[in-house]
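Letter by letter, the chains look like this.
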Protein chains: 2
Amino acid sequence: MTQAVPAPASFPVAVDIVALTVRGGELCVLLITRLIEPFRGRLALPGGFVLPGEDLVEAAIRELGEETGVERLPGYLEQLASYGPKGRDPRGDVLTVAHLLLAPDFPVLSAGSDAEQAAWYPVERVANGEVDLAFDHAQILEDAVERARAKLEYSPLGAAFCGEEFTIAQLRAVYEAVWGTRLDPRNFHRKATGTPGFLEDTGRMTAGDAGRPAALFRLAEEARSTAGHPTRAVLNPPLMRPRV
Amino acid sequence: MTQAVPAPASFPVAVDIVALTVRGGELCVLLITRLIEPFRGRLALPGGFVLPGEDLVEAAIRELGEETGVERLPGYLEQLASYGPKGRDPRGDVLTVAHLLLAPDFPVLSAGSDAEQAAWYPVERVANGEVDLAFDHAQILEDAVERARAKLEYSPLGAAFCGEEFTIAQLRAVYEAVWGTRLDPRNFHRKATGTPGFLEDTGRMTAGDAGRPAALFRLAEEARSTAGHPTRAVLNPPLMRPRV
DNA sequence: ACAAAAGTGTTTGAACTACACCCATGA
DNA sequence: TCATGGGTGTAGTTCAAACACTTTTGT
């Protein structure tokens, strides 16, 4: 960002979005089927090029909206990392800025067969090689999942996977799916409800499910409105994932 | 990263480097004095434009080398985050990928008065408004310092600020400078030496200083060679900074 | 009544804090 | 011998892991 008296080189700049959710007890990622070359027919992360006058987050939201048909997308979005520009796209040098979206399980509008079809896929199916992604998207996904796993430890962002109101058991299911571990329901309950500034009791209860009704919670005001830094350690001491 | 049948827009892509070190018990950042517009005469992070065929890390290393005169730069380099492209450079939309370098206190070659002069400045002088940086570099620096503070908690990267061999007291001085706190020497010693996979005793000792000689340590093999992921929790449980 | 899930209490052990104390060197 | 910093021992506390047990619903 300094001298550059000669006109600097320019690169196409893309945004890719790793949208994660939990469905059926599994961590899932939103993927599209590519309709054009390169990697035609292969699965890839949703994304696209940044337009002039656009900022990165704006571009990410726009692209994700276009490819899922969702207007106002739920959840929590943050920048993940940048990749490239060298040798990651057969068409030439492209820099991509990957983003991470943690969201409740929202339905993707199944577009007609002429549009790129977006759908949720279990992350495990990519990790075990059953599905292989276009470009360097497998690496980006791996980084995203690791980021998500780490964030649950010290931030209240596990709640971003839930709806507006949720039970402790639902929140625990998120942690179990993202970390791929089982957690003791009793100890998790104590830690979640006992951490100041994390959850707020709505006073309402679930009904109609099997077993005893559960209290409904929402994210506490402090945890929600840490504008720009929802990241900062709300969970202190952190909620550590079990190390084998 | 998807459809883009029309030729996508391109942006100049820059790299900026937040090089941090500890000198005189203070956390310091490497800044250059700009010789050209915009922001001529103001202090800024070292950096410059990515060249065709170059990768981000390559560009960061090259630029930092050019502006400090250092060939093989010491320390640990990682990507921080990307900023822009909208409205952060008066010349037009520029995307910048900021990088973070944690390094021992290396001397910057004081170039002639015609070159951009690089020098170390206490981070505190930027934080308290005594020095104000060009572009959005104050924000980038703030993010970098927060990243560095967080990394010391769960990674062995505090040692990146030290030379090849160092005493526990020197390592503690790093933590104290970066966090801006005092740490109990006895407890820090126990935690640092007692964490498996963190430090290796060289068997050698300091001599000539005041007080009892101290044992010299180096980073353990496991902590050094976590290629790509030196980040992954070596310090477990983490070495937490005191919360007031 | 019984199953199922929510939530509380209690015990144990790991680890951090605080601080007393001893060790090894230079002046 | 005294000052200075290096290093160990130990008591108190906080917190998480493990699990017995009670509560509240649906069937």
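Below is a short write-up of the structure.

What counts and how
- Residues numbered from 1 in each chain as written.
- Chains lettered and ligands numbered in written order.
- Predicted model: local features only at pLDDT ≥ 70, side-chain atom pairs only at ≥ 80, totals over all residues.
- Heavy atoms only, no water.
- Disulfide = S-S within 2.5 Å.
- Buried < 20%, exposed > 50% of the residue type's maximum accessible area, 1.4 Å probe, protein only.
- Near = heavy atom within 4 Å.
- Polar contact = N/O pair within 3.5 Å; in protein donor to acceptor, adjacent residues only side chain to side chain.
- Helix = DSSP H or I, 4+ residues; strand = E, 2+ residues; numbered from the N terminus.
- Least-squares fit on C-alpha atoms with pLDDT ≥ 70 in both.
- Contact = heavy atoms within 4.5 Å.
- Salt bridge = Lys/Arg side-chain N within 4 Å of Asp/Glu carboxyl O.
- Nonpolar A, V, L, I, M, F, W, Y, C, P; charged D, E, K, R; others polar.
- Pairing = 2+ DSSP bridges.
- Expected span 1.5 Å × (residues − 1).
- Axes fitted to C-alpha atoms, helices over the stretch in contact; angles between N-to-C directions.
- Left-handed = near helix turned anticlockwise from the far one by under 90°.
- Core = buried A, V, L, I, M, F, W, Y, C linked by side-chain atoms within 4.5 Å.

All names here are of chain A. In the structure shown here, the tally under the stated rule is 0 disulfides over all chains. Looking at the unpaired Cys-28, the closest cysteine sulfur is the one in Cys-162, lying at 14 Å. When its relative accessible area of 3% is taken as the criterion, Cys-28 is described as buried.

Turning next to the protein's contact with DNA strand D. Near DNA strand D there are 21 residues, and of these Arg186(A), Lys191(A), Arg186(B), Gly211(B) and Arg212(B) occur at the shortest range. Near the protein, within 4 Å, the atoms of DNA strand D are sugar or phosphate in 50% of cases. At a separation of 3.0 Å, a base nitrogen of DNA strand D approaches a polar side-chain atom of Arg186(A). The separation between a base oxygen of DNA strand D and a polar side-chain atom of Arg212(A) is 2.8 Å. Of all the elements in the fold, those that place two or more residues in the surface near DNA strand D are α5 (185-194) of chain A together with α4 (168-179) and α5 (185-194) of chain B. The element contributing the most residues to the surface near DNA strand D is α5(A), with 4 residues.

Now for the relation of the copies chain A and chain B. Overlaying chain A with chain B gives an RMSD of 0.0 Å, the required rotation being 180 degrees about an axis along which the chain moves by 0.0 Å. Those values place the two copies in the arrangement expected of a two-fold rotation axis. Taken together, the interface assignments show that 100% of the residues at the interface of chain A recur at the interface of chain B, consistent with an identical surface on both copies.

Interfaces are often sized by the accessible area lost when the parts come together. At the junction of the two partners, chain A supplies 53 residues and chain B supplies 53 residues. The tally of links between chain A and chain B comes to 2 salt bridges. For the salt bridge of Glu58(A) with Lys86(B), the shortest nitrogen-to-oxygen distance reads 2.9 Å. At the level of elements, β1 (10-23), β4 (47-49), α1 (56-68), β5 (76-83), β6 (95-102) and α3 (137-154) of chain A are the ones that each hand at least two residues to the side of chain A that touches chain B. At 7 residues, the largest contribution of residues to the side of chain A that touches chain B is made by β1(A). Looking at the side of chain A that touches chain B, its residues break down into 26 nonpolar, 11 polar and 16 charged. Of the strand pairs in this sheet, β1(A) and strand β1 (residues 10-23) of chain B are connected by 3 bridges, and their pairing is antiparallel. Paired with Ser10(A) across the bridge in β1(B) is Pro12(B).

Moving on, we come to the environment of Leu43(B). Residue and element names in this part refer to chain B. Its place among the elements puts Leu-43 in strand β3 (residues 43-44). We classify Leu-43 as buried; its relative accessible area is 13%. Distance from Leu-43 to Thr-33, taken between C-alpha atoms, is 4.6 Å for residues 10 residues apart in sequence. When near neighbours in sequence (up to four residues on either side) are disregarded, Leu-43 contacts Leu-31, Ile-32, Thr-33, Tyr-121, Val-131, Asp-132, Leu-133 and Ala-134.

Before going further, it helps to spend a moment on the pairing of strand β7 (residues 118-122) of chain B. All names here are of chain B. In terms of burial, β7 is a largely internal element, 4 of the 5 residues being buried. Of the strand pairs in this sheet, strand β2 (residues 26-33) and β7 are connected by 5 bridges, and their pairing is antiparallel. Pairing of Leu-30 across the sheet is with Trp-120, part of β7.

Let us look at helix α1 (residues 56-68) of chain B. The end-to-end C-alpha distance of α1(B) is 18 Å, a good match for the 18 Å that 13 residues give at a rise of 1.5 Å each. Phi turns positive, to about 75 degrees, at Gly69(B), one or two residues after α1(B).

Near DNA strand C you find 21 residues, and of these Arg186(A), Ala215(A), Arg186(B), Asn187(B) and Lys191(B) are the closest. The share of sugar and phosphate among atoms of DNA strand C within 4 Å of the protein is 54%. Residue Asn187(B) places a side-chain N or O atom 2.9 Å away from a base nitrogen belonging to DNA strand C. Broken down by element, the residue count for the surface near DNA strand C peaks at 4 residues, all from α5(B). Partitioning the surface near DNA strand C into residue classes produces 7 nonpolar, 4 polar and 10 charged.

Turning to the packing of helix α3 (residues 137-154) of chain B against α4(B), a few remarks are in order. Between two packed helices, what matters for the description is the angle formed by their axes and the separation of those axes. Residues and elements named next belong to chain B. Contact geometry for α3 and α4: axes closest at 9 Å, N-to-C directions at 140 degrees. The two elements α3 and α4 meet at a crossing, and its hand is left-handed. Along its contact with α3, which presents Ala-148, Arg-149, Leu-152 and Glu-153, the element α4 presents Val-174, Tyr-175, Val-178 and Trp-179. Here the residues of the contact of α3 with α4 sort into 6 nonpolar, no polar and 2 charged.

Okay, the nonpolar core next. Counting 52 residues, the largest nonpolar core has Val13(A), Leu101(A), Val13(B) and Leu101(B) as the members making the most contacts within it. Those residues in contact with Val13(B), other than ones at most four positions away along the chain, are Ala9(A), Phe11(A), Val13(A), Leu95(A), Gly48(B), Phe49(B), Val50(B), Leu56(B), Leu95(B) and Val97(B).

Moving on, we come to the pairing of β6(A). All names here are of chain A. Across the 8 residues that make up β6, a large majority, 8, are buried. Every second residue of β6 is oriented toward a common face, with Leu-95, Val-97, His-99 and Leu-101 on one face and Thr-96, Ala-98, Leu-100 and Leu-102 on the other, all of them buried. Strand direction decides the pairing type here: β1 and β6, joined by 8 bridges, are parallel. In the strand pairing of β6, Val-15 is matched with Val-97. One ladder, built from 7 bridges, connects β5 with β6; its direction is antiparallel. Note that in β6 the partner of Tyr-83 across the bridge is Thr-96.

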